[in-house]
Amino acid sequence: MEIILNSRHSVTTKRFLTRSGEKMLEKLEIVSASPFEIYHIMNELEKAPETIIEAELFLPQGEGPFGCVVAFHGSKGWINHHQDHVDNWLDAGLAVCKVDSFSARETDSTVNDQLSVTHAMMLVDAFRTRSVLEQDPRIGKIGITGWSLGGTIALYSAWAPIIEILGTPFDAHVPFYPAAHIRPDVQKWSRKPMLILHGDADDWTPLHLVESLMPQLPNATLQVYNGAHHSFDSQKKLTWLPKAVRLGKRTARVKKNGYMNGKLWLGIRWPLNERWQRRWVIRFLRNRGAHVGGNPAARTDSLERAKQFFIKTIGD
């Protein structure tokens, strides 16, 4: 069965319904956009290329309304341990909307470049998806989560200037090991609850970047797992990815108008708003190589902790 919804913000959604066991899956097509950087969201969003993204809405048994988790993959796309969390939330009676930001942009992975699909594009995907879900009478409160790159979306979707442009605040945020390197001059954030899950051995998106951002966040809790690497909630053996673009100590400043730049050396600041500028910095800094690997204790705790957080914040 196909259902066409007339939605705000020029969003058209097609739903194709299938049933799997006691859960219902609806495949959505959502009109989004592809601004390269935050500057383009804040100043030139209407010029960004239109992009029709795909998402999967999983609904538990019952009539609802259900609290719904909007979930975003990391730089490798959707992988096995993400689904473990999805199944966990569904079993708890929550709906889950899995967003695919890669396929419509003809990308499989951004591990080695971080340029083909950016956090700005995925932020628009997040709020466009939310604008569709909030019209559905079966959906109640809406939270957001994500892993790594997706964790960055779950984190910075709480930044007030982005919310003011793109839509309604999410009701809860759960970033898993996000890249927390962006430092906005405007330190205004949503007061909705946030739970950040991170490992202190993470050398891809280092913990210190999250720790230094925490004073800005008005209602955030940071759960740190000792000895845990990036992807600690997976069951993967510790692996070295030699070409992965990693973060170091540097942060990126975002001015009030969205203009982003970063300090290189001797106080020189380099603009980071265009693809060629970002590509040059990646080549110059040579920040390559990172570990990924599961941590059984952190995995077990994070599955339960994230579930209980969402039940408390967006559950019935």
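What you see is a predicted model, and the numbers here were worked out from it, not measured in a lab.

S.K.: Before we move on, could you go through the environment of His291 and cite the residues and values that matter?
M.R.: Its location among the elements puts His291 in strand E16 (residues 288–292). For His291, the residues in contact, after removing those within four places along its chain, are Asp203, His229, His230, Leu238, Thr239 and Trp240. A polar contact of 2.7 Å, which involves the side chain of His291, links it to the side chain of Asp203.

S.K.: Could you give me a rundown of helix H7 (residues 275–285), with the residues and numbers involved?
M.R.: All buried positions along H7 are accounted for by Gln277, Arg278, Val281 and Ile282. Considered in projection along H7, the buried side chains sweep an arc of 135° and stay on one side of the axis. Turned more than 90 degrees from where H7 packs its buried face, Trp276 and Arg283 sit exposed. In the core, the buried residues of H7 are packed alongside strand E12 (239–245), strand E15 (269–271) and E16. Following H7 by one or two positions, Arg286 has its phi on the positive side, about 55°.

S.K.: Residue-level account of the packing of aromatic side chains, with values.
M.R.: All told, the structure shown has 10 aromatic pairs when counted by the stated rule. An angle of 90° between the planes, with centres 5.4 Å apart, marks the rings of Trp89 and Phe310 as edge-to-face. One end of the pair, Trp89, is in helix H2 (residues 80–91); the other, Phe310, is in helix H8 (residues 296–314), with 221 residues separating them in the sequence. Taken as a pair, Trp89 and Phe310 share a single burial class, namely buried. Site record: aromatic cluster; members linked through ring pairs are Trp78, Trp89, Trp147, Phe176, Tyr177, Tyr225, Phe232, Phe309 and Phe310. It is Arg130 that lies over the ring of Phe170; its NZ or CZ is 5.5 Å from the centre.

S.K.: Give me the packing of helix H3 (residues 119–133) against helix H4 (residues 149–156): which residues, what numbers.
M.R.: Here H3 crosses H4 at 60°, and the two axes come no closer than 9 Å. It follows that H3 is oblique to H4 by the angle criterion. As for the relative orientation of H3 and H4, their crossing is right-handed in sense. Along the contact surface, H3 presents His119, Met122, Leu123 and Ala126, while H4 presents Leu149, Gly150, Thr152, Ile153 and Tyr156.

S.K.: Go over the side chain of Lys307, please, and point to the residues and values.
M.R.: Looking at the secondary structure, you find Lys307 in helix H8. The class of Lys307 is buried, set by a relative accessible area of 16%. Contact partners of Lys307, with chain neighbours within four places excluded, come to Asn88, Trp89 and Ala92.

S.K.: With reference to specific residues and values, describe the sheet that holds strand E13 (residues 252–254).
M.R.: Pairing is mixed across the open sheet formed by 4 strands, whose spatial order is E9-E13-E14-E15. Each edge of the sheet is formed by a strand with only one pairing partner; in this case those strands are strand E9 (182–184) and E15. Strand-to-strand, the axes of this sheet are offset by a mean angle of 30°, without reference to chain direction. Note that strand E14 (residues 260–263) and E15 share 3 bridges and pair antiparallel. Residue pairing in the sheet places Lys263 in a bridge with Arg269 of E15.

S.K.: Explain the confidence of the model for the chain residue by residue, including any values.
M.R.: Put simply, the chain has an average pLDDT of 90, and 92% of its residues get 70 or more. Confidence drops under a pLDDT of 50 for residues 1–20, and excluding neighbours within four residues, the segment shows 56 contacts in the predicted structure.

S.K.: So what about the packing of H2 against H8? Which residues, and what values?
M.R.: Contact geometry of H2 with H8 gives a least axis separation of 10 Å together with a crossing angle of 40°. Considering the angle they form, H2 stands oblique to H8. Here the hand of the crossing between H2 and H8 comes out right-handed. Residues His81, Asp84, His85, Asn88 and Trp89 of H2 form the contact with H8, whose own contacting residues are Arg299, Ser302, Leu303, Glu304, Ala306, Lys307 and Phe310. Of the residues assigned to the contact of H2 with H8, the class counts are 4 nonpolar, 4 polar and 4 charged.

S.K.: Tell me about the pattern of salt bridges, and name the residues and values.
M.R.: What the rule picks out here adds up to 11 salt bridges. Of the charged contacts, one joins Asp84 and Arg299 as a salt bridge, the two residues approaching to 3.0 Å between their closest N and O atoms. Of this pair, Asp84 sits in helix H2 while Arg299 sits in helix H8, and the two are 215 residues apart along the sequence. Given the relative accessible area of 14%, Arg299 is considered buried. Here Asp171 and Arg130 are joined by a salt bridge, their closest N and O atoms 3.4 Å apart. Separated by 41 residues along the polypeptide, Asp171 in the loop between helix H5 (160–166) and strand E8 (172–176) and Arg130 in helix H3 bring together distant segments of the chain. Salt bridges here are not isolated pairs; linked through shared partners, they connect Arg130, Glu134, Asp171 and Lys192.

Calculation rules
- Residues numbered from 1 in each chain as written.
- Predicted model: local features only at pLDDT ≥ 70, side-chain atom pairs only at ≥ 80, totals over all residues.
- Heavy atoms only, no water.
- Helix = DSSP H or I, 4+ residues; strand = E, 2+ residues; numbered from the N terminus.
- Contact = heavy atoms within 4.5 Å.
- Polar contact = N/O pair within 3.5 Å; in protein donor to acceptor, adjacent residues only side chain to side chain.
- Buried < 20%, exposed > 50% of the residue type's maximum accessible area, 1.4 Å probe, protein only.
- Arc of directions from axis to C-beta.
- Phe/Tyr/Trp six-rings, centres within 6.5 Å; stacked < 30°, edge-to-face > 60°.
- Lys NZ or Arg CZ within 6 Å of the ring centre and 35° of its normal.
- Axes fitted to C-alpha atoms, helices over the stretch in contact; angles between N-to-C directions.
- Parallel < 35°, antiparallel > 145°, perpendicular 65-115°, else oblique.
- Left-handed = near helix turned anticlockwise from the far one by under 90°.
- Pairing = 2+ DSSP bridges.
- pLDDT = per-residue confidence, 0-100.
- Nonpolar A, V, L, I, M, F, W, Y, C, P; charged D, E, K, R; others polar.
- Salt bridge = Lys/Arg side-chain N within 4 Å of Asp/Glu carboxyl O.

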